[in-house]
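Observations on chain architecture
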Amino acid sequence: PGVSWIEMHELAEEILARHLIDMGLLKGSLEGAIRAGLPAVFMPHGLGHNLGLETHDVGGVPEGAVRPTKPGLRSLRNVRTLRAGMVLTVEPGCYFIPSEIERALDDPTMTPYMNEEGLRGMFGFGGVRLEDNVLVTEDGREVFTDVPRSIEDVEATVGSAYT
């Protein structure tokens, strides 16, 4: 509780960019890649949304709130500060969408931070999104999702479908 959902999204973008740099798909400084807007190329959706009576429950953008316009943030369905009792999804993702990457490669503010050969090598990969359903509690959170997280557990689960 007390954490800005916008700041949570920005943290997810920073973590994503750091991993893409570590993988050699982005290059240069983390700060520069973020400033150029590159995380939104790979996570073109918001970090999550409210859950309630509807899957994408209303109320994430209260009346009078100003929607962010920055790439990545403009896709947020929630701009609130988290409070105990709120239920929402937390769903960071990383996608290698050829049209998005091509657009970024044509952008002179993004290109210096991109490993074109490495990124083109990811075309056809698709992407991944992890989604948790979370209750914000008085002292933290309760995660309702129970799915495998480690590479080994995911591979074992997926592989079990073929045995």
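**Describing the overall build of the chain**
- The secondary structure content of the chain amounts to six helices and five strands.
- Ordered by position from N to C terminus, the α and β elements of the chain give α-α-α-β-β-α-α-β-β-β-α.
- With respect to the three principal axes, the spread of C-alpha positions in the chain is 50 × 45 × 25 Å.
- The 163 residues of the chain split such that 34% are buried.
- Considering only contacts in the chain between residues 6 or more positions apart, those separated by 24 or more positions represent 68%.
- Surface exposure of the chain reaches about 9,600 Å², of which carbon and sulfur atoms provide 55%.
- Here the chain holds 14 positive side-chain charges and 25 negative ones, and the gap between their average locations is 6 Å.

**Quick word on the nonpolar core**
- Core analysis: the biggest nonpolar cluster contains 30 residues, and Leu20, Leu38, Phe42, Phe96, Ile101 and Met114 have the highest contact counts within it.
- Of all the secondary-structure elements, those providing two or more residues to this core are helix 1 (5–22), helix 3 (39–42), strand 2 (93–96) and helix 4 (98–105).
- Of all the elements, helix 1 adds the most residues to this core, at four residues.
- With sequence-adjacent residues up to four places away left out, phenylalanine 42 is seen in contact with Leu16, Leu20, Leu26, Gly93, Cys94, Tyr95, Phe96, Ile101 and Leu119.

**Description of empty space enclosed by the protein**
- Under the definition given, this model contains one cavity of 30 Å³ or more.
- Roughly 30 Å³ of internal volume is contained in the largest cavity.
- As for the largest cavity, its lining consists of Glu13, Ile34, Gly37, Pro39, Ala40, Lys70 and Pro71.
- A breakdown of the residues in the lining of the largest cavity according to their chemical character gives four nonpolar, one polar and two charged.

**As for the environment of glycine 121**
- Among the structural elements, glycine 121 can be located in the loop between helix 5 (116–120) and strand 3 (126–129).
- For the pair glycine 121 and phenylalanine 96, spaced 25 residues apart in sequence, the C-alpha to C-alpha distance is 9.7 Å.

**Some remarks on the pattern of salt bridges**
- Taken as a whole and assessed by the stated rule, the structure comprises six salt bridges.
- Across the salt bridge formed by glutamate 14 and arginine 18, the nearest N and O atoms sit 3.1 Å from each other. Of this pair, glutamate 14 and arginine 18 both sit in helix 1, four residues apart, roughly one helical turn.
- You can call glutamate 14 partly exposed: its relative accessible area is 30%.
- Overall, arginine 18 belongs to the partly exposed group, its relative accessible area being 35%.
- A salt bridge links arginine 129 to glutamate 91, with the shortest nitrogen-to-oxygen separation between them at 2.5 Å. A residue pair is termed long-range when its members are at least 10 positions apart, and arginine 129 in strand 3 and glutamate 91 in the loop between strand 1 (87–90) and strand 2 qualify at 38 residues.
- You can call arginine 129 partly exposed: its relative accessible area is 37%.
- Judged by relative accessible area, which is 4%, glutamate 91 ranks as buried.

Calculation criteria
- Per-chain numbering applies: the sequence of each chain, read as written, is numbered from 1 onward.
- In keeping with the model being predicted, local features are shown solely for residues with a pLDDT of at least 70 and side-chain atom pairs are shown and tallied solely at 80 or more, while totals for entire chains, interfaces and linings include all residues.
- Values reported for side chains reflect all heavy atoms of the structure, with hydrogen atoms and water molecules removed beforehand.
- Each helix is a run of H or I in the DSSP string that is no shorter than four residues. Each strand is a run of E no shorter than two, and both are numbered from the N terminus.
- When accessible area is computed with a 1.4 Å probe and restricted to protein chains, residues below 20% of their type maximum are described as buried, those above 50% as exposed, and intermediate ones as partly exposed.
- Any two residues whose heavy atoms approach within 4.5 Å are treated as being in contact.
- Throughout, the Shrake-Rupley method with a 1.4 Å probe supplies accessible areas, and for residues the shown protein chains are the sole cover considered.
- Counting rule applied: Lys, Arg positive; Asp, Glu negative; His and chain ends not counted.
- Lysine's charge is taken at NZ, arginine's at CZ, aspartate's at CG and glutamate's at CD.
- The nonpolar core is taken to be a set of buried Ala, Val, Leu, Ile, Met, Phe, Trp, Tyr and Cys residues, with the residues joined through side-chain atoms within 4.5 Å.
- Residues are called lining when one of their atoms sits within 4 Å of a cavity or pocket point, these points coming from a 1 Å grid over the protein atoms alone, where a cavity is a set in which a 1.4 Å probe fits but cannot get out and a pocket is an open set with protein on both sides within 12 Å along at least five of seven lines.
- Grid points are joined across faces, edges and corners, and a volume is the space filled by probe spheres set on the points.
- Note on residue classes: Ala, Val, Leu, Ile, Met, Phe, Trp, Tyr, Cys and Pro are nonpolar, Asp, Glu, Lys and Arg are charged, and everything else, Gly too, is polar.
- In the sections that follow, a salt bridge refers to a side-chain nitrogen of Lys or Arg positioned within 4 Å of a carboxyl oxygen of Asp or Glu.

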